[in-house]
Amino acid sequence: MGDALQHSSQSLPRFIKESLKQILEEYDSRQIFYFLCLNLAFTFVELFYGVWTNSLGLISDGFHMLFDCSALVMGLFAALMTRWKATRIFSYGYGRVEILSGFINGLFLMVIAFFVFIESVARLVDPPDIDTNMLTPVSVGGLIVNLVGICAFSHAHSHGSSRGGCPSHDHNHSHHGHGHSHGHGHSHSDYGHSHNHGHSHGSLGGGMNANMRGVFLHVLADTLGSVGVIISTIFIQQFGWLIADPLCSLFIATLIFLSVIPLIKDACQVLLLRMPPENEKDLHIALEKIQKIDGVISCRDPHFWCHSANVIAGTIHVQVMSDVMEQRIIQQVSAILKDSGVNNLTVQVEKEAYFQHMSGLSTGFHDVLAMTKQMESMKYYKDGTYIM
């Protein structure tokens, strides 16, 4: 699909047809597409009615709905791109696009909440007169549309709120409850240096889809806005409390801001290549198991990070005795780390002769070994930091 984008100018109808087919095949993208169509229909009705009745409030809300539709389009495009095949340039594929989409949607919501908060504070000092005649039917209509979206995207909220950090939920595999891995290795017998690159697919439990969480929070913000308008309209019509409008807006802006913080935090951790928090303890135990493998002297440079919604990647260097078979070590290390949640792994096996060749001195290996043992004496904290 990524290659098809490069030739879209030559076969645009075919590209649109294939994209629409992929959108309707997958649950998340299908839900976004259906709600986008519903949202666009309500937007154009609102704009038409606003122009017909010369209501500035309706016209303004219509353009606000268009902004919401742009966020849905971004979420839909991200959901589509995550299924594009990896290319020579983008060798990891496009899975991280959904993290970026969720991060951008979260930033949009924080900016909106900030400006609503500032405007609400200004209106608390001097509440303006509000024409409530058109507010109620429009707000009720918007509430109904957004409640449909809440029901459609509620699964994203339940997945995201259960566990933070790197997700591992995958709709394509989660119902089968199994995993499989495959890899290949090669060794250089002259220097005792071998590599293995492998990956696995399987259901590793619930997790976060940042893209769907961003879409859900956007719909939730609109729903809260509609509820706030309805409540403030009732107070204004019944009691003449003009201050009800800015008070409801302050409360809603605060709720939106607080609800977006976990999404921004989780997305930032993924973009900064943090070790997945929910796998942190298991990975620490896995490293201790690797140290106890027969023939393993030590391991160094362990790196584990969340690449996308269902890929936890990792690399590790393992130092072994000269008479050890590399493939046996690779298989054992891969099995241990796979059980800890790593499903895209690179293992580099290094023998004593490799260090002697690289350093030109027989003491080179012992220097590295001493440094590795020194690193093992460091204490491990929950936040991922080390101290002596």
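Residues numbered from 1 in each chain as written. Predicted model: local features only at pLDDT ≥ 70, side-chain atom pairs only at ≥ 80, totals over all residues. Heavy atoms only, no water.

J.: Looking at this structure, how should I read the state of the cysteines?
T.: A disulfide bridge is the covalent bond that connects two cysteines by way of their sulfur atoms. Inspection of the entire model under this criterion finds 0 disulfides. This cysteine, C69, is not joined by any disulfide, and C37 carries the nearest cysteine sulfur, 9.6 Å off. (Disulfide = S-S within 2.5 Å.)

J.: Would you mind going over the packing of aromatic side chains with me for this structure?
T.: One pair of aromatic rings is described through two measures. These are the centre distance and the angle between the planes. The full count for this structure, using the stated rule, is 9 aromatic pairs. Taking 6.1 Å as the distance between ring centres and 35 degrees as the angle between the ring planes, the aromatic pair formed by F235 and F239 counts as tilted. Here F235 pairs with F239, and both are found in helix α7 (residues 210-239), just 4 residues apart, close to one helical turn. Classification of F239 as exposed rests on a relative accessible area of 51%. Taken together, F77, W84, F90 and Y94 form an aromatic cluster joined through their ring pairs. (Phe/Tyr/Trp six-rings, centres within 6.5 Å; stacked < 30°, edge-to-face > 60°. Helix = DSSP H or I, 4+ residues; strand = E, 2+ residues; numbered from the N terminus. Buried < 20%, exposed > 50% of the residue type's maximum accessible area, 1.4 Å probe, protein only.)

J.: So what exactly am I meant to see when it comes to helix α2 (residues 12-25) here?
T.: Two residues of an α-helix separated by three or four positions point the same way, owing to the 3.6 residues in each turn. With 14 residues, α2 extends 20 Å from end C-alpha to end C-alpha; this agrees with the ideal 20 Å at 1.5 Å per step. When we look at burial in α2, the residues that qualify are F15, S19, Q22 and I23. Buried residues in α2, looked at end-on, bunch into an arc of 105 degrees, giving them a common side. Facing away from the buried side of α2, by more than 90 degrees, are the exposed residues P13, R14, K17, K21 and E25. (Expected span 1.5 Å × (residues − 1). Arc of directions from axis to C-beta.)

J.: What is the right way to read a nonpolar patch on the surface from this model?
T.: Together, V227, I231, F235, F239, W241, I243 and L247 make up an exposed nonpolar region whose accessible area comes to about 620 Å². No other element matches α7, which puts 4 residues into the nonpolar patch. Examined against the element boundaries, I231 turns out to sit in helix α7. (Patch = residues over 30% accessible without salt bridge, like charges linked within 9 Å, V, L, I, M, F, W, Y side chains within 5 Å. Areas by Shrake-Rupley, 256 points an atom, 1.4 Å probe, with all protein chains shown as cover. Salt bridge = Lys/Arg side-chain N within 4 Å of Asp/Glu carboxyl O.)

J.: Explanation requested: the packing of helix α9 (residues 280-291) against helix α10 (residues 326-339) in the structure shown.
T.: Packed helices, taken two at a time, are described by their axes: the angle between them and the distance between them. Remark: α9 packs on α10, axes separated minimally by 9 Å, with the N-to-C direction vectors making an angle of 160 degrees. Looking at the two axes, α9 sits roughly antiparallel to α10. The two elements α9 and α10 meet at a crossing, and its hand is right-handed. Of the residues in α10, those touching α9 at L283, A286, K289 and I290 are V333, I336 and L337. For the contact of α9 with α10, the per-class residue count stands at 6 nonpolar, no polar and 1 charged. (Axes fitted to C-alpha atoms, helices over the stretch in contact; angles between N-to-C directions. Parallel < 35°, antiparallel > 145°, perpendicular 65-115°, else oblique. Left-handed = near helix turned anticlockwise from the far one by under 90°. Contact = heavy atoms within 4.5 Å. Nonpolar A, V, L, I, M, F, W, Y, C, P; charged D, E, K, R; others polar.)

J.: What should I look at first to understand the pattern of salt bridges in this one?
T.: For side chains of opposite charge, pairing can occur when their charged atoms come near one another. This model, assessed by the stated rule, comprises 9 salt bridges. R14 is paired through a salt bridge with E18; the nearest N and O atoms lie 3.1 Å apart. Remark: E18 and R14 occur in helix α2; sequence separation between them is 4 residues, near one turn of the helix. The shortest N-O distance in the salt bridge between E350 and R300 comes to 3.0 Å. With E350 in strand β5 (residues 344-351) and R300 in strand β3 (residues 296-308), this pair connects stretches of sequence that are 50 residues apart. One network of salt bridges, in which partners are shared, links E119, R123 and D245.

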